[in-house]
Amino acid sequence: MSEQHGHNEEHHEEEHHIVSPMTYGLILLTLLVATGLTVWMSFIDLGEWHITNGLTLFWNPVVALLIACTKMTLVVLFFMHVKYSARLTKLTVASGFFVFLVLIGMTMTDYFSRAWGRW
Amino acid sequence: MSDSTAVANGAAAGTVDSHHGEHPPYQRHHFETVGQQFDATNFAMWLFLLTEIMFFGGLFTAYLIMRNWYYPAFVEASHQLNVGWGTANTGVLIVSSFTMAMGVWSAEMRKKGLLLVFLGLTLLLGLAFLGIKSIEYSEKWEKHHVPGLNWSDASFLNPASDPEVYKEYHDKPLPPDMAEKTEMYFFLYFAMTGMHALHMIIGISILIFMIFRARADAYTTGHVTYVENFGLYWHFVDIVWIFLFPLLYLISRY
């Protein structure tokens, strides 16, 4: 019993990953560059895509959100250690974001389609 | 005392006695190992953060719908914000996330001095963020752009009606239907950044508490759960701002 206990503790010492200051520094640099990039891109007209009559996709907000999502992924994986966390944590985080996207997606499809063709 | 209780107590006392000294003092007895305890608290913290995601999600959804309905008004209202302050605050918050991550590293490496330095830096950067935010809020107050408390449609319909504000900012007048809808943008602006600022204030209060605890050697004994989980909270608040910044400040700036 006591042997097993000690063994598990050692096992954990191996598992508990300590992220190095070097990694944190690189992530910080990437996040700051991405912030500069998103400000710079917002001052450029990236145009739009007329999908169909009355439905247009503007590229500026799409790019801004893509950069924000990239920054979020870096923070979650490295600063929040999810890359090195237990499977349960990974599954929890992934399912949380999935449910969040489903809720926003369902709400938005309702708002966009309710007055379809009456723009 | 019933027999079963006596047996249970005896068994518990027996195991506890043989158990002590074989695990670190911070390991609770209902966990098999320190690793299991760490994973369980980590899981619990993430469950709390998921409820926070859903909470802010409601605000973001409201923002998306209103922005699509009143896009031109949102563009005009968003141009009232100062991109310089917004960018500076994004930088401040990202660096504070870095110092917090380094604080967790210091606790893991059991370096008390460094832990105090990084927690202190995180605290200062958090206060700097709130300082910049208060500069921005006071400008909105001065221009009567605070819905419900200090709002005036005239500040958009005829900006020259307030000569003191006008000579500083030179805003262009907006048509009435647009001026009316800028109020929706500013309502969402204050609701979202205000809720974010409240999270910052809570985080800063916990940071101050943690600095006192860290001075008393609470986090450099190998028990990093508290620092680690507070770090998760701090990074979460940073992520919310990472989305608020482009959505509120950077609409059609070209």
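Each remark here, short or long, concerns the structure printed above.
Here's what I pulled together on the structure shown here.

## Notes on the interface of chain B and chain A
Interface size is commonly expressed as the accessible surface area that is lost when the partners come together.
Item 1. At the junction of the two partners, chain B supplies 54 residues and chain A supplies 53 residues.
Item 2. Both sides together, the interface formed by chain B and chain A hides about 4,600 Å², and carbon and sulfur atoms give 80% of it.
Item 3. Counting across the chain B and chain A interface gives 0 salt bridges.
Item 4. Between chain B and chain A we count 3 residue pairs in polar contact (both at pLDDT 80 or more) in total.
Item 5. Of all the secondary structure elements, the ones that give two or more residues to the side of chain B that touches chain A are helix 2 (34–69), helix 4 (83–108) and helix 9 (225–249) of chain B.
Item 6. Considering every element that reaches the side of chain B that touches chain A, the biggest residue donor is helix 2 of chain B, with 19 residues.
Item 7. Taken together, the residues of the side of chain B that touches chain A break down into 32 nonpolar, 14 polar and 8 charged.

## Quick notes on the nonpolar core
Item 1. The biggest cluster of nonpolar side chains holds 92 residues, and the ones touching the most others in it are A:M80, B:Y185 and B:F186.
Item 2. Here the element with the most residues in this core is helix 9 of chain B; it accounts for 17 residues.
Item 3. Setting aside chain neighbours within four positions, we find B:F186 in contact with B:A77, B:Q80, B:L81, B:K140, B:H145, B:P147, B:W151 and B:F156.

## Details of helix 3 (residues 59–79) of chain A
Item 1. Here helix 3 of chain A is 21 residues long and its end C-alpha atoms lie 29 Å apart, about the 30 Å a rise of 1.5 Å per residue gives.
Item 2. Buried residues of helix 3 of chain A: A:N60, A:V63, A:A64, A:I67, A:A68, A:K71, A:M72, A:L74, A:V75, A:V76, A:F78 and A:F79, and no others.
Item 3. As for helix 3 of chain A, its buried residues are in contact with helix 2 (21–42), strand 2 (55–58) and helix 4 (87–113) of chain A together with helix 2, helix 4 and helix 9 of chain B.
Item 4. At the C-terminal side of helix 3 of chain A, A:H81 shows a positive phi close to 60 degrees.

## Examining the packing of helix 4 of chain B against helix 9 of chain B
Residues and elements named next belong to chain B.
Item 1. Look at helix 4 against helix 9: their axes get within 10 Å of each other, and the N-to-C directions meet at 165 degrees. Put simply, helix 4 runs roughly antiparallel to helix 9. Crossing of helix 4 over helix 9 shows left-handed handedness.
Item 2. Looking at the contact of helix 4 with helix 9 residue by residue, the class counts come to 14 nonpolar, 9 polar and 3 charged.

## Quick look at helix 8 (residues 176–215) of chain B
Item 1. For helix 8 of chain B, which comprises 40 residues, the first-to-last C-alpha distance of 58 Å matches the rise-based estimate of 58 Å (1.5 Å per residue) to within 8%.
Item 2. Remark: B:D217 follows helix 8 of chain B within two positions and exhibits a positive phi of approximately 65 degrees.

## Structural notes on the pattern of salt bridges
Residues and elements named next belong to chain B.
Item 1. Enumeration over the complete set of coordinates arrives at 5 salt bridges over all chains.
Item 2. D217 is the partner of K112 in a salt bridge, and the nearest nitrogen-oxygen pair spans 3.2 Å. Placement of the pair is K112 in helix 5 (residues 112–142) and D217 in the loop between helix 8 and helix 9, with a sequence separation of 105 residues.
Item 3. Look at K112 and you get partly exposed, because its relative accessible area is 29%.
Item 4. The class for D217 is partly exposed, based on a relative accessible area of 40%.
Item 5. Between E136 and K133 there is a salt bridge whose closest N-O contact spans 2.9 Å. Of this pair, E136 and K133 both sit in helix 5, 3 residues apart, roughly one helical turn.
Item 6. K133 sits in the buried class, given a relative accessible area of 2%.

What counts as what
Residues numbered from 1 in each chain as written. Chains lettered and ligands numbered in written order. Predicted model: local features only at pLDDT ≥ 70, side-chain atom pairs only at ≥ 80, totals over all residues. Heavy atoms only, no water. Contact = heavy atoms within 4.5 Å. Buried area = accessible area lost by both parts, 1.4 Å probe. Salt bridge = Lys/Arg side-chain N within 4 Å of Asp/Glu carboxyl O. Polar contact = N/O pair within 3.5 Å; in protein donor to acceptor, adjacent residues only side chain to side chain. Helix = DSSP H or I, 4+ residues; strand = E, 2+ residues; numbered from the N terminus. Nonpolar A, V, L, I, M, F, W, Y, C, P; charged D, E, K, R; others polar. Core = buried A, V, L, I, M, F, W, Y, C linked by side-chain atoms within 4.5 Å. Buried < 20%, exposed > 50% of the residue type's maximum accessible area, 1.4 Å probe, protein only. Expected span 1.5 Å × (residues − 1). Axes fitted to C-alpha atoms, helices over the stretch in contact; angles between N-to-C directions. Parallel < 35°, antiparallel > 145°, perpendicular 65-115°, else oblique. Left-handed = near helix turned anticlockwise from the far one by under 90°.

On their own, these measurements won't tell you what the molecule is for.
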